[in-house]
Amino acid sequence: MTEKGKGSYGYLKKQAVKQGLIALGMLGFCSAIFLTGFFWLKEYATILTVIAVLGMLPVAKVIVSMILFMKAEKFSCSDELHNKILEITAEKKEELIAGFDFYLTSYDKNFPLCAALVRKGSLIAYTPWEKCDCNKCKMHLEEYMKKNGITGINIKIFSDENKFLERFSQLCEENLESSNNEKAMYRLLLNLSL
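The rules behind these values
- Residues numbered from 1 in each chain as written.
- Predicted model: local features only at pLDDT ≥ 70, side-chain atom pairs only at ≥ 80, totals over all residues.
- Heavy atoms only, no water.
- Salt bridge = Lys/Arg side-chain N within 4 Å of Asp/Glu carboxyl O.
- Helix = DSSP H or I, 4+ residues; strand = E, 2+ residues; numbered from the N terminus.
- Buried < 20%, exposed > 50% of the residue type's maximum accessible area, 1.4 Å probe, protein only.
- Pairing = 2+ DSSP bridges.
- Patch = residues over 30% accessible without salt bridge, like charges linked within 9 Å, V, L, I, M, F, W, Y side chains within 5 Å.
- Areas by Shrake-Rupley, 256 points an atom, 1.4 Å probe, with all protein chains shown as cover.
- Core = buried A, V, L, I, M, F, W, Y, C linked by side-chain atoms within 4.5 Å.
- Contact = heavy atoms within 4.5 Å.

Asker: Looking at this structure, I do not really get the pattern of salt bridges. What am I missing?
Answerer: Pairing of side chains with opposite charge becomes possible as their charged atoms draw close. Taken as a whole and assessed by the stated rule, the structure comprises 3 salt bridges. Across the pair Lys138 and Glu142 runs a salt bridge, and its minimum N-O distance is 4.0 Å. With Lys138 and Glu142 both in helix α4 (residues 134-147) and 4 residues apart, this pair spans about one turn of that helix. Taking the relative accessible area as the measure of exposure, Glu142 reaches 35% and is therefore partly exposed. Note that Glu143 and Lys147 form a salt bridge whose closest N and O atoms lie 3.1 Å from each other. Of this pair, Glu143 and Lys147 both sit in helix α4, separated by 4 residues, roughly a single helical turn. Glu143 sits in the partly exposed class, given a relative accessible area of 40%.

Asker: Honestly, the pairing of strand β2 (residues 110-119) in this entry has me stumped. Any pointers?
Answerer: Along any regular strand, the residues point their side chains to alternate faces of the sheet. Of all 10 residues that make up β2, 9 are buried, and the element is covered over most of its length. Taken together, the 8 bridges between strand β1 (residues 97-105) and β2 define a ladder with antiparallel strand orientation. The partner of Tyr103 across the bridge, within β2, is Pro112. What sits between the antiparallel neighbours β1 and β2 is a turn of 4 residues. Direction of pairing for β2 relative to strand β3 (residues 122-126): antiparallel, over a ladder of 5 bridges. Following the sheet pairing, Ala116 is matched in β3 by Ala125.

Asker: How should I be thinking about a nonpolar patch on the surface in this particular structure?
Answerer: Where nonpolar side chains cluster on the molecular surface, the patch consists of Ile47, Val50, Ile51, Leu54 and Leu57 and spans about 500 Å² of accessible area. Within the fold, Ile51 resides in helix α2 (residues 47-72). A relative accessible area of 41% places Ile51 in the partly exposed class.

Asker: Explain the nonpolar core to me, please; I cannot follow it from the model alone.
Answerer: Within soluble globular proteins, side chains that are nonpolar generally end up buried alongside one another. One finds Leu104, Leu113, Leu123, Leu141, Ile157, Met185 and Leu189 to be the most contacted residues of the largest nonpolar core, which totals 25 residues. Elements that contribute at least two residues to this core include exactly β1, β2, β3, α4, β4 (154-158) and α6 (180-192). Ranked by the residues each element gives to this core, the list is headed by α6, at 7 residues. Beyond its immediate stretch of four places on either side in the chain, Leu123 contacts Ala116, Leu117, Val118, Leu141, Ile153, Asn154, Ile155, Lys156, Met185 and Leu189. Grouped together as the second largest cluster of nonpolar side chains are 17 residues, Cys77, Leu117, Phe158 and Phe164 included.

Asker: Please clarify how the environment of Leu192 should be interpreted in this entry.
Answerer: You can see Leu192 is positioned in helix α6. Once residues within four sequence positions are removed from consideration, Leu192 is found in contact with Tyr103, Leu104, Thr105, His140, Leu141 and Tyr144.

That is the geometry; function is a separate question.
Here it is in C-alpha cells:
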C-alpha cells in the first residue's frame, strides 16, 4: 500500500489543504509583484502589473484544483474502514497493490471509491455512496483498461462494506507475486483518479 500521494489514506483531505495553501502563496506573490511596481514606480501601467496579471493564470488553475479536492474530500475513506483493512493486511509479508481515497471522474458521472485492491487477476473497490453507479464505474474502468491494453483483470465494485471486506480478506489469503497487468491496472486507477 502506498504511503504518500494518490492512493494513500487521507489523500483527498490533505490535497484540499495543500492546494489551498499553494493558492494563497501564489496569490500573495502576485500581489507583492503588483504592489512593488505600484509603490516603486507610482503608477499602474508597468511591466510588473503585466507580470502580476499573467501570474494569476496559474493561481486560477490551482484554485480550481482546490475546489475539486474540497468537493471530493467528503468521500474519503472512514477511519473505521481503514482500520478494518489494516487488520486484514497486518499479517501480509509482501506488498499489496491496494489504496484508499480514489475519486474517478468521467464526462457524465464521478465515482468515489474509498478503497481498492488489485490481486489475483481482480480489481475490487468499495463505495458507500448510493448515488455512485457501480455498473457505470465498472464500465468506465473496463473502457480505459481496453484503451491501455490491460487484460485479464476482473472488476467488481462493492456497495456493501461487509461483502467488500470478505472478498478483500479472501484475496489476501495467500502470498503471491503481483503480475505486470495488476500493477498496470493499479497505475491506471491512480491516473484516472483526482
